[in-house]
Amino acid sequence: MYKYFLRERLRNRNFIFWCLAFPLALMLCFHFVFGNLSTSTEVTTLNMAVIYEGTDSMYNRSFETMVDGLTEEGSNGEEALFKLNDYSKAEEVKEALINNDLDLAFKVYDDKVEVLISKDYSDMDIAVGKAVADTFMNNYDMMATAFEENPQKAMELISNLGENLDFTAAKKSEFAEETPNPYIWYYYSSFVMGICFNAMNGVDMVANLKADAGYHAVRVSVSPQRKLRLIISAYCAYLTIALGINVIQLLIMKFALNVPLGGSILKLVAFVLACNLFALAFGVVCGSIMKGTIDARGNKITAIIMTSVFLSGEMVAQLPGMLERSVPIINDINPATVMNMALFRLAYSTGDFDFYINMIKIVLMAVLFITISVLILRREKYASL
Amino acid sequence: MHLFKHFFKLLSRNIKGLIIYGIITVVMVMMLVTTVSNSGSDMVLTAEAKSYNISFVDNDNSPLSRGLIDYLGVNNKVSDYSKKSETEISNIVFFGMTSYHFTIPSGFANDVVNGRTENGIIYQTIDGSNGYVSFELGNRIDSYLNTYRNYLSLGLSENEAINKTKETLIDEAPITVVAENEEDAVVDSREIVIFNVNQYFPYLILGILSLGVGHTVIITNKKELVERNTVSPVPAYMTKFINTVGLLISGIICWALFMAFDFIYGAGTEIMSKYGWIILINSLLSTLCCSAIAALLTNYIETSNTLSMVTNIVGLAMSFFCGVFVPMRFVGEKVLSISKFLPFYWTVLANNMTSSVQSKYAFDMNQVLICFAVELLFVISISTIAIISNSKRIIRA
C-alpha cells in the first residue's frame, strides 16, 4: 500500500507544481529582485554647498565655522560628513541639485537655515541635513537666550556645546546578524506556503480512504487490509514525498539563494516533519468534515490556506507586524505565521526559546489533527458501498 | 449573437475566478488607501512631512522622560508598548511597524543631570545602529537631553528647563526639494494610491482575464461542446472568434472600471490632470496585450488547473522582473535588460514617468511614445501568434 500511495502521488502533476515548483519559482523571483536591494544605509560623505543670503552677519559666520568643522576628516581617520562645493550663485546651486551633482545644500538667511535637497534625495540626505541645520539653529537660539538671561554663564555654555553627550545605545541584537534582512521573510513564507499546500494531499487521502468520497476509496475499503495500516501507509507515503520536496527546496535555498537556515540540522528536520504532519492531518480533517465533491472540498481548503498564508505575510511582509501591534492573537493561532516565525527564529535567533514556543504550538496542532483524522478515517462505517 | 450571449452566460456560471480576482483587487486598493492615509509616514509624501512610528517603554516616568516623549510626539506617531512582551516588540520592530523603539531605564533623569551615559536609552530599529532612522532620532534625543542639561547649567529649574528645551527644539529647519518644476517636488497622498494601482494594473488584468475569464474559454474548448458546435450551422472559426471577442470585451469592461476609479478617486490631482491621457492609453494597451496573452494561453491549455499554474508563473514572473511589485529602480540592470523583452516592462516604464517623484523616472514624451509603440507591437505579435495557432487547431479539428 505504501508503494501504491507513493506512485499515485508522484503521478499527480498538480501536487508537484504547487508544493515544489511554485514556491521555488517565487523564491527565484524574490532572489532576482530583492538580491539587488540593500538594507544598509550608512552615513557617507555628502556633496554639499551653502548659499548665504543677506548681510555678512554673525549668524552666517557661525554657520560657516560649523560647516568647516564638518568638512574635515576626524582625528581617527573617519570620513568627513560633507564635501563642500563652491558655487558663486544660488541658481548654480539649484542647477547642481537638479542635475544631482549635489546631494544637498544649506540656504542661510534671516537667522534661519533651510535644507535644499535634490529630487532624488535619499532618506540619509534628509536625516543628515536636518540634523546639522536643527543643531545649529537650536544651539544658536540657546546661546542667544544665555547671553540675554545669564551672560556670565554663557561663556561656560559655549565650552559645554562642544561636548555633547551620547545618551542612546543600540540594544544588543538577539539575532545572529545585527539587522536581519526584512526581505528574507518572503523566502520563508514561500517555503511554508509549499508545506501548507500539503493539506491538498490530505484531501486526496480522504478521496483514497473514505469510501463515500471516491471510487478509489470504495475499492480500498473492501480490501482485506486493516484500516489503520492503510492510514499509516498513506501518511508515510505522502510524508515521504513532502519531505523529499522540502529537502530539494531547502538545498536550493541554502546553496543557490543564500537564505539563512540556522546551524542546527536536527531542529530543521524536526520543524519540517512537524509542519508537514500538521498540514497533512489538517487537510484530512477538513476534507472529511466538508461537504461536496473532492474538487469542491479542495477549493475550500485552498481558500483557507491562502488566507492563512496571506495573513502570514506572503504578499505583504509587514502584515504580521500590523497584526502583532493590534490583534496579536491572530499571529498566535494562524498556522502559517507560527511556522514562519519558528523558521525565522531558528535561522536568526541566538536563543532557542521562541523557536521552541512556536514548535510546541505546531506539534500540539499536529497531534490534535492527526488524532482526529485517524479517528474519522478508521471508525467510519457504511451501510452500503 | 447567440454564441456571444452564450459566452457571457457561461461566464456568469463560472464567476468564481472573477470574484476571487475582484476581491484581490479591492483588498489591494483598500490596503493601499489605508496604508497611505494612516502612514506615520515612513512613506514620504514630501520631504517635510517625514515622520516616524516610534514606540517606547518608560521605566523612569520622570518629568524629563515624559517631556522627551512629548517632544518626540510633536512630529511623530508615538505609542506606549509598556504592556507588550520583549518578543512582541522584537517582532513589531522586525516587521517595520515601529521605526524606532526605545526603553528609558529607571533613574534615567538623575543620570542625565549628572552626565552619566552608561545607563542610557536602549533603542531597537530595523535598519541597525548605522541607519538613517537611528541617526536622525538618536540625534533628536541627544539634542533634547543635552539642551536640557545646558539650560539646567544656566540656572533654570527642572520644569523650566524642560519647557525651554521643547520651545527651543520645536523650531526646525525647513526642507525644500529642488526640482525643475515645482509641482514635481510634491506628491498628494491620493497620487500615491493612483500611481500604485496603475503599477499593479498589468498583473491584476492578466489574472482577471486569464484566470477569471479564461476558464470560460476553456469550457467552450471541451470536447463535448466542440463536437456539438461542429454539427451546428455555425462556422468553426466563429466559436474561437467569439471567445476572443468575449475576452476582449471583458478586458475593456475591467479597464473602464479601473479608469473610473482613477478619474473619480484622483479627481483634481496632478497625476490625473496632467498625465491622465497617458494612463488611459497605457492601461488600454496593457489590457489589449493581456487579452492577447490570455487568448494565446487558452488556445493551448485544456484544463483549469494547468491554466492556473501557467498564469500564476507568467503573471508573477513578469511582475517581479518588470518592476510591478518592486520599484523599477531597485531591479538589477541585468534583470531589466531581460525584462525589456516582456510587455509589462513597457507598461510599468510609461507609468513610472507619470509620477517622477515616486518613481525617480523623469517624464520624457519621446520615451512614453516609444513605450506605447512597443506595447502595440506586443499586442500585434501576440495576437498574430494566437490567431495562427487558433486556425491551425481549427484545421486539425
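Residues numbered from 1 in each chain as written. Chains lettered and ligands numbered in written order. Predicted model: local features only at pLDDT ≥ 70, side-chain atom pairs only at ≥ 80, totals over all residues. Heavy atoms only, no water.

### A closer look at the overall build of chain B
Phase 1 of the analysis: When helices and strands are tallied, chain B shows 16 helices and five strands.
Phase 2 of the analysis: Against the compact-globule benchmark of 21 Å for 397 residues, chain B has a radius of gyration of 28 Å, which places it well outside the compact range.
Phase 3 of the analysis: When its C-alpha atoms are laid out on the principal axes, chain B stretches across 100 × 45 × 40 Å.
Phase 4 of the analysis: Scored against the burial criterion, the 397 residues of chain B give a buried share of 55%.
Phase 5 of the analysis: Across chain B, the fraction of contacts at a sequence separation of at least 24, relative to all contacts at a separation of at least 6, is 74%.
Phase 6 of the analysis: Within chain B, one finds 27 positive and 32 negative side-chain charges whose respective centroids are separated by 18 Å. (Helix = DSSP H or I, 4+ residues; strand = E, 2+ residues; numbered from the N terminus. Rg over C-alpha atoms; globule rule 2.2 N^0.38 Å. Buried < 20%, exposed > 50% of the residue type's maximum accessible area, 1.4 Å probe, protein only. Contact = heavy atoms within 4.5 Å. Lys, Arg positive; Asp, Glu negative; His and termini not counted. Charge placed at Lys NZ, Arg CZ, Asp CG, Glu CD.)

### Focus on the packing of aromatic side chains
Phase 1 of the analysis: Per the stated rule, a full pass over the model turns up 38 aromatic pairs over all chains.
Phase 2 of the analysis: Taken together, a centroid distance of 5.4 Å and an interplanar angle of 55° make the contact between F355 of chain A and Y356 of chain A tilted.
Phase 3 of the analysis: The exposure class of F355 of chain A is buried, given its relative accessible area of 2%.
Phase 4 of the analysis: Judged by its relative accessible area of 42%, Y356 of chain A falls in the partly exposed class.
Phase 5 of the analysis: Taken together, a centroid distance of 5.7 Å and an interplanar angle of 40° make the contact between Y200 of chain B and F325 of chain B tilted. In this pair, Y200 of chain B is assigned in helix α8 (residues 189-220) and F325 of chain B in the loop between α12 (304-321) and α13 (333-339), connecting sequence segments 125 residues apart.
Phase 6 of the analysis: In this structure F325 of chain B comes out as partly exposed when scored by relative accessible area, which is 23%. (Phe/Tyr/Trp six-rings, centres within 6.5 Å; stacked < 30°, edge-to-face > 60°.)

### Focus: the sheet that holds strand β5 (residues 175-178) of chain B
Phase 1 of the analysis: The strand order across the open sheet built from five strands is β2(A)-β1(A)-β3(A)-β4(A)-β5(B), with neighbouring strands paired in mixed fashion. The sheet terminates laterally at β2 (82-84) of chain A together with β5 of chain B, the two strands that pair on one side only. The mean inter-strand angle of the sheet, taken between neighbouring strand axes irrespective of direction, is 30°.
Phase 2 of the analysis: Pairing analysis gives four bridges linking strand β4 (residues 112-118) of chain A to β5 of chain B, with the strands arranged parallel. Of the residues in β5 of chain B, the one forming a bridge with L116 of chain A is T176 of chain B.
Phase 3 of the analysis: Sitting on the sheet, helix α3 (residues 58-70) of chain A is in contact with β1 (46-52), β2, β3 (104-109) and β4 of chain A, with an inclination near 165° to β1 of chain A. (Pairing = 2+ DSSP bridges. Axes fitted to C-alpha atoms, helices over the stretch in contact; angles between N-to-C directions.)

### Notes on the interface of chain A and chain B
Phase 1 of the analysis: In this complex, chain A contributes 85 residues to the contact, which on the side of chain B involves 87 residues.
Phase 2 of the analysis: On the chain A side of the interface with chain B, the three residues burying the most area are K119, F167 and R325 of chain A, jointly 11% of the side's total.
Phase 3 of the analysis: In this structure, the salt-bridge partner of K171 of chain A is E86 of chain B, at a minimum N-O distance of 2.7 Å.
Phase 4 of the analysis: Our count for the contact surface shared by chain A and chain B stands at 20 residue pairs in polar contact (both at pLDDT 80 or more).
Phase 5 of the analysis: Among the elements that make up the side of chain A that touches chain B, the one with the highest residue count is helix α5 (residues 123-149) of chain A (17 residues).
Phase 6 of the analysis: When its residues are assigned to classes, the side of chain A that touches chain B shows 48 nonpolar, 16 polar and 21 charged. (Buried area = accessible area lost by both parts, 1.4 Å probe. Salt bridge = Lys/Arg side-chain N within 4 Å of Asp/Glu carboxyl O. Polar contact = N/O pair within 3.5 Å; in protein donor to acceptor, adjacent residues only side chain to side chain. Nonpolar A, V, L, I, M, F, W, Y, C, P; charged D, E, K, R; others polar.)

### Topic: the pattern of salt bridges
Phase 1 of the analysis: A complete count under the given rule lists 14 salt bridges over all chains for this structure.
Phase 2 of the analysis: Here K130 of chain A ties to D134 of chain A by a salt bridge, and the two come within 3.3 Å at their closest N and O atoms. On the criterion of helical spacing, the pair formed by K130 of chain A and D134 of chain A is a turn pair, its members being four residues apart in helix α5.
Phase 3 of the analysis: A salt bridge links R140 of chain B to E136 of chain B; the nearest nitrogen and oxygen atoms lie 3.0 Å apart. You can see R140 of chain B and its partner E136 of chain B sitting in helix α6 (residues 132-153), four residues apart, about one turn around the helix.
Phase 4 of the analysis: Taking relative accessible area as the criterion, R140 of chain B reaches 8% and is therefore assigned buried.
Phase 5 of the analysis: Through salt bridges with shared partners, a single ionic network connects E8, R9 and D204 of chain A.

### Some words on the pairing of strand β1 (residues 53-58) of chain B
All names here are of chain B.
Phase 1 of the analysis: Among the six residues in β1, six count as buried, and that is most of the element.
Phase 2 of the analysis: The alternating pattern of β1 places N53, S55 and V57 on one face and I54, F56 and D58 on the opposite face, and all of these are buried.
Phase 3 of the analysis: Pairing analysis gives four bridges linking β1 to strand β2 (residues 77-80), with the strands arranged parallel. In the sheet register, S55 faces β2, and the bridge partner there is S79.
Phase 4 of the analysis: Since β1 and β2 lie parallel, the crossover through helix α3 (residues 63-72) that links them has a hand, and here it is right-handed.
Phase 5 of the analysis: Both β1 and strand β3 (residues 100-104) contribute to a ladder of five bridges, which runs parallel. Across the sheet, D58 pairs through a bridge with I104, a residue of β3. (Right-handed = clockwise from strand over helix to strand, strands pointing away.)

### Observations regarding the nonpolar core
Phase 1 of the analysis: Grouped together as the largest cluster of nonpolar side chains are 160 residues, with contacts concentrated most on Y188, F191, M205, L209, F271, M339 and I362 of chain A.
Phase 2 of the analysis: Sorting elements by how many residues they give to this core places α8 of chain B first, with 16 residues.
Phase 3 of the analysis: In this structure M205 of chain A touches A234, Y235, Y238, L280, V284 and L377 of chain A, once residues within four positions along its chain are discounted.
Phase 4 of the analysis: Judged by nonpolar contacts, the second largest core, of 61 residues, contains V67 and A154 of chain A together with V112 and I162 of chain B. (Core = buried A, V, L, I, M, F, W, Y, C linked by side-chain atoms within 4.5 Å.)

### A few points about the confidence of the model for chain A
Phase 1 of the analysis: Of the residues in chain A, 93% reach a pLDDT of 70 or more, and the chain-wide mean stands at 84.
Phase 2 of the analysis: Mean pLDDT in chain A bottoms out at helix α6 (residues 151-161) of chain A, which sits at 74, and peaks at helix α7 (residues 184-196) of chain A, which reaches 93. (pLDDT = per-residue confidence, 0-100.)

### A closer look at the packing of helix α10 (residues 227-256) of chain A against helix α11 (residues 265-289) of chain A
Residues and elements named next belong to chain A.
Phase 1 of the analysis: Contact geometry of α10 with α11 gives a least axis separation of 10 Å together with a crossing angle of 135°. Judged by the angle between their axes, α10 and α11 are oblique. Crossing hand, α10 versus α11: right-handed. Across the interface between the two elements, Y235, Y238, L239, A242, L243, N246 and L250 of α10 pack against L268, V272, L273, N276, L277, L280, A281 and V284 of α11.
Phase 2 of the analysis: Looking at the contact of α10 with α11 residue by residue, the classes come out as 13 nonpolar, two polar and no charged. (Parallel < 35°, antiparallel > 145°, perpendicular 65-115°, else oblique. Left-handed = near helix turned anticlockwise from the far one by under 90°.)

### Brief notes about the side chain of N358 of chain A
Phase 1 of the analysis: With respect to the helices and strands, the residue N358 of chain A is situated in helix α16 (residues 353-379).
Phase 2 of the analysis: Aside from chain neighbours lying at most four places away, what touches N358 of chain A is V338, M341, A342 and R345 of chain A.

### Description of the packing of helix α1 (residues 2-13) of chain B against helix α10 (residues 236-265) of chain B
Packed helices, taken two at a time, are described by the angle their axes make and the gap between the axes.
Residue and element names in this part refer to chain B.
Phase 1 of the analysis: The contact between α1 and α10 brings their axes to 9 Å, and the two run at 55°. The angle between α1 and α10 places the two elements in the oblique class. Seen from above, α1 lies across α10 with right-handed handedness. Of the residues in α10, those in contact with L3, F4, F7, F8 and L11 of α1 are M238, T239, I242, N243, V245, G246, L247, I249 and S250.
Phase 2 of the analysis: Considering only residue class, the contact of α1 with α10 consists of ten nonpolar, four polar and no charged.

### Structural notes on unusual backbone geometry
Phase 1 of the analysis: Positive phi outside glycine occurs at N100 of chain A, with the angle close to 65°.
Phase 2 of the analysis: Following the sequence through the fold, N100 of chain A ends up in the loop between α4 (90-98) and β3.

### Let's talk about the environment of T34 of chain B
Phase 1 of the analysis: Tracing the chain through its elements places T34 of chain B in helix α2 (residues 16-38).
Phase 2 of the analysis: Spatially, the C-alpha atom of T34 of chain B lies 14 Å from that of E191 of chain B, the residues being 157 residues apart in sequence.

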